[in-house]
Amino acid sequence: MLHEAQAPAMQTLVETDTLRILYRTGFGSENRTLLSFTGAHHALGGIDVQKPEFHRTGAAFGKIVFVIDKTSSWGSNVDFRTVAKIAADVAGGGAIHAVGNSMGAFNLIAAARFIPIGTGLCFVPQFSIDPAVAPWETRPNRYVPDLDPRRLPDLRKSVHRPSRLYVFSSGMGLDARQAALFPVHPNIHHFLFRTVGHNLAAVLKAEGTLDTVIRSAFDSHLDLAALRDLHPGDIAQLSPSPEPQDAR
């Protein structure tokens, strides 16, 4: 096991009033780049990609890029073309994958319009923070009271991109309502954890299954049966082809 002092050094690639992009080499030797989209206040919801504990999951990634929406704007203040250029420069033609939690997952999907993300892992993302689409969604205003969602009202322009998206939604409260807004589409592998809240990634980590979920998804080996073997709770598949008994 690596110690904290052995973690590769972090470099700042972009620093503006609204966007910070950091880079470090990964623990793997493969020519694959991981984009990590942080959530509000730079949180990752239990996904420790910044620490050596990520060694098992990140072993396949030689490069890690952290994309930080400094104003917690749910992408409204993020220049995704700048993110795309940095990602391309770092990847150097290699494969690009991504992970994000909550706002970070929302920003990940939004970035798929501009970045050829191979596989994106999205934990408890919102589909929209626009009152015209989701008038009941008030959580982002806790971070940015004057948030203007008009630049990026929802993800409908991003979800049908070629990227393979694994979406892990909570089936409780407002998260369940957000999950219902996502379309059914072949590239979206959407799973609903009916009895787990917004801290889904942290719950899976506590159960000792988060690394396996992430690894299996990046290797395209994750399906509903595998998830049910890993997690004891009630899980439904919403996309691309839910089982008949899970379509209720």
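The structure this text deals with has already been given above.
What you see is a predicted model, and the numbers here were worked out from it, not measured in a lab.

Enquirer: Give a detailed account of the overall build of the chain, specifying residues and quantitative values.
Expert: Along the chain, the regular secondary structure elements total 7 helices and 9 strands. Looking at the chain as a whole, 54% of its 248 residues qualify as buried. Contacts in the chain between residues at least 24 apart in sequence constitute 71% of all its contacts with a sequence separation of at least 6. Accessible surface, the chain as shown: approximately 10700 Å² in total, 52% of it carbon and sulfur.

Enquirer: Residues and numbers for the environment of Gly 208, please.
Expert: In this structure, Gly 208 sits in the loop between α5 (200-207) and α6 (210-218). Taking relative accessible area as the criterion, Gly 208 reaches 56% and is therefore assigned exposed.

Enquirer: Report on the side chain of Asp 130, specifying residues and quantitative values.
Expert: Mapped onto the elements of the fold, Asp 130 is located in the loop between β6 (119-123) and β7 (164-170). Buried Asp 130, no salt bridge; nearest opposite-charge side chain is Arg 156, N-O distance 7.4 Å. If near-sequence neighbours (up to four positions away) are discounted, Asp 130 is found in contact with Pro 135, Pro 149 and Pro 153.

Enquirer: Before we move on, could you go through helix α3 (residues 103-111) and cite the residues and values that matter?
Expert: Among the 9 residues that make up α3, 9 are buried, leaving the element largely enclosed by the rest of the structure. Taken together, the buried positions of α3 are occupied by Met 103, Gly 104, Ala 105, Phe 106, Asn 107, Leu 108, Ile 109, Ala 110 and Ala 111. Packing partners of the buried residues in α3 comprise β3 (32-37), β4 (63-69), α2 (80-91), β5 (95-101), β6 and β7.

Definitions and cut-offs
Residues numbered from 1 in each chain as written. Predicted model: local features only at pLDDT ≥ 70, side-chain atom pairs only at ≥ 80, totals over all residues. Heavy atoms only, no water. Helix = DSSP H or I, 4+ residues; strand = E, 2+ residues; numbered from the N terminus. Buried < 20%, exposed > 50% of the residue type's maximum accessible area, 1.4 Å probe, protein only. Contact = heavy atoms within 4.5 Å. Areas by Shrake-Rupley, 256 points an atom, 1.4 Å probe, with all protein chains shown as cover. Lys, Arg positive; Asp, Glu negative; His and termini not counted. Salt bridge = Lys/Arg side-chain N within 4 Å of Asp/Glu carboxyl O.

Take it as geometry only, folks, not as evidence of what the structure does.
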